[in-house]
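# Survey of secondary and tertiary structure
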Amino acid sequence: MAAKASLFFSPSECFLTTRLCKLFPTTQKPCFPSPSSSSITLINVLNADAVYTKLPPRLRNARQEQERDAISLLNERIRREHAKRDHSPLRPSMDSEEADKYIQLVKEQQQRGLQKLKSDRARQGAPHDAAQPTFSYKVDPYTLRSGDYVVHRKVGIGRFVGIKFDVPKDSKEPIEYVFIEYADGMAKLPVKQASRLLYRYNLPNETKRPRTLSKLSDTSAWERRRMKGKVAVQKMVVDLMELYLHRLKQKRPPYPKTPAMAEFASQFPFEPTPDQKQAFSDVERDLTESKNPMDRLICGDVGFGKTEVALRAIFCVVSAGKQAMVLAPTIVLAKQHFDVISERFSRYPNIRVGLLSRFQTKSEKEEYLSMIKDGRVDIIVGTHSLLGNRVEYNNLGLLVVDEEQRFGVKQKERIASFKTSVDVLTLSATPIPRTLYLALTGFRDASLISTPPPERVPIRTHLSAYSKDKVISAIKHELDRGGRVFYVLPRIKGLEDVMEFLELAFPHVEIAIAHGKQYSKQLEETMERFARGDIRILICTNIVESGLDIQDANTIIIQDVQQFGLAQLYQLRGRVGRTDKEAHAHLFYPDKSLLSDHALERLAALEECCELGQGFQLAERDMAIRGFGNIFGEQQTGDVGNVGIDLFFEMLFESLSKVDEHRVISVPYPAMELDININPHLPSEYINHLENPMQIINSAEKAAEKDIFNLMQFTENLRRQYGKEPYSMEILLKKLYVRRMAADLGISSIYASGKMVGMKTNMSKKVFKLITDSATSDIHQNSLIFEDGQIKAELLLELPKEQLLNWIFQCLAELYSSLPTLIKY
Ligand SMILES: Nc1ncnc2c1ncn2[C@@H]1O[C@H](COP(=O)(O)OP(=O)(O)OP(=O)(O)O)[C@@H](O)[C@H]1O
């Protein structure tokens, strides 16, 4: 009885009156069947339907209502948002000192990166604009072609029509105007102004149509779209920061730096390029000096020598007694890595290398798995099968991932889960544009290998309409000098026809077909025979796209080239020219008349870009979007469509360089004061229905104190167990939500004075602007102002207390949705 009487919701807030509690002394059995467990832990999840029917009719709400009330909607939204961002468990909030130090570090590194970029530009003689020194992505109107989609920062997306002279109103001198078509009319802009305000919507080689053109007469839709883009960018940057900070919390002892490492390095048969040297030393530092597990991206053009970086990392880890796993996207590449590693480690009989492949018989596989488990194999190479639950490691220290972007979502999640416990080195041949790379320095550990090994000769690229004679002479040229030929088609269908034709043309030459649908063993054998030189011509699909390193294959023929993407072609072409021999890439299209102007232009760009390493320059933006995936994950790239590629990039750079401004310092939950006196009485039937009301209310308070996810879980469990709560309980829960959300948003107190609602906060005006801008509802967006460290709202009338609480709940829920765009302390 005494216990019931002291059933406070929180000391200063709602409590169940003693009058109410008197009705339900502790000894009294509840009127409704109690859950099977004697103590209510609320973790106990019962069948919602079963429990629901046990509620008295008066408390039985419509089922739909139960699902769709404001709390459920908020819970759903937070979960959705969370699932989109992160698959790992909730990250704990950051230690502010640690985070500050990191942000400082990022800023300094970024500054150095930007400095470098500026001097690069100065050297290249690029014009210098003081306001936008480095990241201006605006378009030169003279480079636009009629029909190109453009983005005006203030008005939105339109279609470029042309540039024409016209006489301005207040002058007689004609000047040049840019004409842009919008959904509801034509706009003309003086060229000078246009070059300050216009961006391209698409990548240089893309002709993607925007969903709609913007309206000149109503820019609000564009405003919302732009804000959505900005918020998406902001979230990406915050995610990246949080991930990094989270990783800084993981510790492991640094690996010893041993003379054996230097000896291993000295066995590399080539003189490393300066970029390779930098990458070696970056990785060595990560492993032997840092106390945090490495998560480094090695980004280098095809064939520029990333593998050696991985080999040295493997040596360091394995010679310290740990295991290393090398993950490749295809079995062919896994086999190639296995061969290269076995060869490079052949002088170290104690280091055992294994290949786990689906070609192995069941018993071979079992044997491998047990070797991995007992630590009888030190370097394990394979495809995603290595990520399966059945693979148990003895002492895994390093994970090398080749071409991570080619793995599936589930596999990437699994890779991410490794990152917290082991060192991870990711190799990628998708170039990240230098601009992006430098702007990101500090956010993501990456080493860029942008110079080719010496004596590489540029690949000679020939683009022409398909002709059998040309094909024959290209192949003949390669076979005559003892080399091998890749013949690539976009589809499996058609490989046989090519085979027939080539068998006729080269009757004494060994030719084979390879594609991904082949029986794996057969595919592996074919690839091996091609690598050995037993097969001289390999007719294949783009299964050979990335990573294959066959030094004597120096001619690649690509038929129906228009069906490949630029990045894909770039990768395919990189299969040849991997030594000092001159290599040839013959790109054939069926008939010029069948190709669009755009397709032709795109192909011409590839033909022109035969200089080595030009993937980094040529298709900078084209590639950027893919390189992006390496850094941010791919789903976000979808946000680009909202605002167009260039504005998106500009926003990204803006957001990266202002990362320190966008942080919110949460207030400890107990210190958050909600100065609105509502103490709703719970109906007796409900109280009676709850197994142990006092414990439940205490648990609610504890859950809210912990974090929003605990509170959400609490509410959901409560509803599962007892059905939708009556209104007064909902109000109690909303008070908890309000305090929790306010605390997270850095709001220390909320009070009402007449029609005015005030929220005292530590957030800056900039942060206030960001969160209100990103709010989806105009109601709260427009009614809030920021004044003297307070968020204030003037309501139309003074609301009764419960309605006021509902208003505050909705308002905070709205502001809360922008939390992922902020760095939280
Ligand atoms: N510094 C160097 N000088 C000369 N040759 C080198 C050098 N570094 C690597 N190589 C050789 O260049 C070839 C390509 O290197 P590697 O396979 O490491 O490239 P990669 O960057 O991994 O390419 P991909 O993205 O295609 O996998 C290999 O045969 C390698 O031995």
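These remarks concern the structure in this document. As the structure is a prediction and not an experimental result, all values here were calculated from the model.

## Considerations on the overall build of the protein
The helix and strand tally for the protein stands at 30 helices and 25 strands. When each of the 825 residues of the protein is scored for burial, the buried share is 55%. Of the contacts made within the protein by residues no fewer than 6 positions apart, 77% connect residues no fewer than 24 positions apart. Summing over all exposed atoms, the protein offers an accessible surface of approximately 36,900 Å²; the carbon and sulfur share of this is 51%.

## Notes on the nonpolar core
Counting 68 residues, the largest nonpolar core has Ile 314, Ile 379 and Phe 486 as its most contacted members. Top contributing element to this core by residue count: helix H11 (residues 307-318), with nine residues. Here this core spans two domains, since at least three of its residues come from each of domain 3 (252-449) and domain 4 (460-611). Residues Tyr 686, Ile 731, Leu 812 and Ala 813 belong to the second largest nonpolar core, which totals 63 residues.

## Details of the packing of helix H9 (residues 259-266) against H11
The N-to-C vectors of H9 and H11 enclose an angle of 150 degrees; their axes lie 10 Å apart at closest approach. Compared by their axis directions, H9 and H11 come out roughly antiparallel. In this structure, the crossing between H9 and H11 has a hand that is right-handed. Contacts between H9 and H11 involve Ala 260, Met 261, Phe 264 and Ala 265 on the former and, on the latter, Leu 311, Arg 312, Phe 315 and Cys 316.

## Digging into the pattern of salt bridges
Any two side chains of opposite charge can pair, so long as their charged atoms come close to each other. According to the stated counting rule, one finds 36 salt bridges in the structure shown. The partner of Arg 344 in a salt bridge is Glu 308, with the nearest N and O atoms 2.7 Å apart. With Arg 344 in helix H12 (residues 331-344) and Glu 308 in helix H11, the pair connects residues that are 36 residues apart, well separated along the chain. Per residue, the accessibility class of Arg 344 equals that of Glu 308, and both read buried. Its salt-bridge partner being Lys 476, residue Asp 480 comes within 3.3 Å of it at the nearest N-O pair. Placement of both Asp 480 and Lys 476 in helix H16 (residues 468-480) is noted, with a separation of four residues, approximately one turn of the helix.

## Quick notes on the environment of Arg 252
Tracing the backbone shows Arg 252 in the loop between helix H8 (220-249) and H9. For the pair Arg 252 and Leu 287, spaced 35 residues apart in sequence, the C-alpha to C-alpha distance is 9.8 Å. In contact with Arg 252, not counting residues within four places along its chain, are Asp 286, Leu 287, Ser 290, Lys 291, Asn 292, Pro 293, Met 294 and Asp 423. Looking at Arg 252, its side chain comes within polar contact range of the side chain of Asp 423, at 2.7 Å.

## Points about the packing of helix H25 (residues 693-706) against helix H26 (residues 708-722)
The geometry of H25 relative to H26 is characterised by a closest axis approach of 7 Å and an angle of 150 degrees between their N-to-C directions. If you check the angle between H25 and H26, you find them roughly antiparallel. Between H25, through Ile 696, Ser 699, Ala 700, Ala 703, Ala 704 and Lys 706, and H26, the contact on the second element is made entirely by Asn 710, Leu 711, Phe 714, Leu 718 and Tyr 722. Partitioning the contact of H25 with H26 into residue classes produces eight nonpolar, two polar and one charged.

## Observations regarding the sheet that holds strand S22 (residues 756-761)
On the basis of which strands lie adjacent, the open sheet formed by five strands has the order S20-S21-S22-S24-S23 and mixed pairing. A strand with exactly one partner marks an edge of an open sheet, and here the two such strands are strand S20 (673-675) and strand S23 (784-787). When the angles between neighbouring strand axes are averaged without regard to direction, this sheet yields 15 degrees. Together, S20 and strand S21 (747-753) form the strand contacts of helix H27 (residues 727-744), whose direction differs from that of S21 by roughly 125 degrees.

## A short note on unusual backbone geometry
Here the phi dihedral of Asp 560 falls at roughly 55 degrees; this positive angle occurs in a residue that is not glycine. Examined against the element boundaries, Asp 560 turns out to sit in the loop between strand S17 (553-559) and helix H19 (566-573). Residue Asp 560 is classed as buried on the basis of its relative accessible area, which comes to 15%.

## Examining the pairing of S23
Side chains Leu 784 and Phe 786 project from S23 onto a buried face, and the interleaved Ile 785 and Glu 787 project onto a face without burial. Judged from the four bridges that link them, S23 and strand S24 (residues 790-794) form a sheet pairing that is antiparallel. The partner of Leu 784 across the bridge, within S24, is Ala 793.

## So, a negative patch on the surface
A contiguous patch of negative charge on the surface is contributed by Glu 496, Asp 497, Glu 500 and Glu 503. Here Glu 500 lies in helix H17 (residues 495-505). Residue Glu 500 is classed as exposed on the basis of its relative accessible area of 55%.

## Thoughts on the sheet that holds strand S6 (residues 295-300)
Here we have seven strands laid out as an open sheet, ordered S8-S9-S7-S10-S11-S6-S12, and parallel in their pairing. Strands at the two margins of the open sheet, each flanked by one partner only, are strand S8 (353-356) and strand S12 (446-449). In this sheet, adjacent strand axes meet at a mean angle of 15 degrees when their direction is disregarded. The sheet contact formed by strand S7 (residues 323-327) and strand S10 (residues 396-402) spans five bridges and is parallel. What sits directly across from Leu 327, in S10, is Val 401. Strands in contact with H11 are S6, S7, strand S9 (379-382), S10, strand S11 (423-428) and S12; relative to S10, the strand with the most contacts, it is inclined by about 170 degrees. In this fold H12 packs onto S7, S8, S9 and S10, with an angle of close to 170 degrees to the strand it touches most, S8.

## Here's the deal with the pairing of strand S14 (residues 484-488)
Taking burial as the measure, the five residues of S14 include five buried ones, the bulk of the element. In the sheet, S14 pairs with S17 via five bridges, with the strands oriented parallel. By the bridge assignment for S17, Val 485 is matched with Thr 555. Where S14 and strand S16 (residues 537-540) come together, four bridges link them in parallel fashion. Among the inter-strand pairings, Val 485 is bridged to a residue of S16, identified as Ile 537.

## What about the packing of aromatic side chains?
Under the defined criterion, the tally for this structure stands at twelve aromatic pairs. Every member of this aromatic cluster is reached through a ring pair, and the members are Phe 264, Phe 315, Phe 345 and Tyr 348. Directly above the aromatic system of Phe 501 lies the positively charged group of Lys 468, at a separation of 5.0 Å from the ring centroid.

## Things to note about the side chain of Lys 792
Along the polypeptide, Lys 792 turns up in strand S24. Assessed through its relative accessible area of 16%, Lys 792 is described here as buried. Looking at Lys 792, its side chain comes within polar contact range of the side chain of Glu 787, at 3.1 Å. Among residues more than four places away in sequence, those in contact with Lys 792 are Met 756, Val 757, Ser 783, Leu 784, Ile 785 and Glu 787.

## Quick word on helix H13 (residues 362-374)
Relative to the 18 Å expected for 13 residues at 1.5 Å per residue, H13 spans 18 Å between its end C-alpha atoms, a close match to the ideal helical length. Here H13 has its buried residues at Tyr 368, Leu 369, Met 371 and Ile 372. The buried residues of H13 occupy an angular sector of 160 degrees when projected down its axis, which confines them to one face. For H13, the exposed residues lying more than 90 degrees away from the buried face are Lys 362 and Ser 363. Buried positions along H13 lie against S7, S8 and S9. Following H13 by one or two positions, Gly 375 has its phi on the positive side, about 80 degrees.

The rules we used
Residues numbered from 1 in each chain as written. Predicted model: local features only at pLDDT ≥ 70, side-chain atom pairs only at ≥ 80, totals over all residues. Heavy atoms only, no water. Helix = DSSP H or I, 4+ residues; strand = E, 2+ residues; numbered from the N terminus. Buried < 20%, exposed > 50% of the residue type's maximum accessible area, 1.4 Å probe, protein only. Contact = heavy atoms within 4.5 Å. Areas by Shrake-Rupley, 256 points an atom, 1.4 Å probe, with all protein chains shown as cover. Core = buried A, V, L, I, M, F, W, Y, C linked by side-chain atoms within 4.5 Å. Domains from an automatic or database assignment. Axes fitted to C-alpha atoms, helices over the stretch in contact; angles between N-to-C directions. Parallel < 35°, antiparallel > 145°, perpendicular 65-115°, else oblique. Left-handed = near helix turned anticlockwise from the far one by under 90°. Salt bridge = Lys/Arg side-chain N within 4 Å of Asp/Glu carboxyl O. Polar contact = N/O pair within 3.5 Å; in protein donor to acceptor, adjacent residues only side chain to side chain. Nonpolar A, V, L, I, M, F, W, Y, C, P; charged D, E, K, R; others polar. Pairing = 2+ DSSP bridges. Patch = residues over 30% accessible without salt bridge, like charges linked within 9 Å, V, L, I, M, F, W, Y side chains within 5 Å. Lys, Arg positive; Asp, Glu negative; His and termini not counted. Charge placed at Lys NZ, Arg CZ, Asp CG, Glu CD. Phe/Tyr/Trp six-rings, centres within 6.5 Å; stacked < 30°, edge-to-face > 60°. Lys NZ or Arg CZ within 6 Å of the ring centre and 35° of its normal. Expected span 1.5 Å × (residues − 1). Arc of directions from axis to C-beta.

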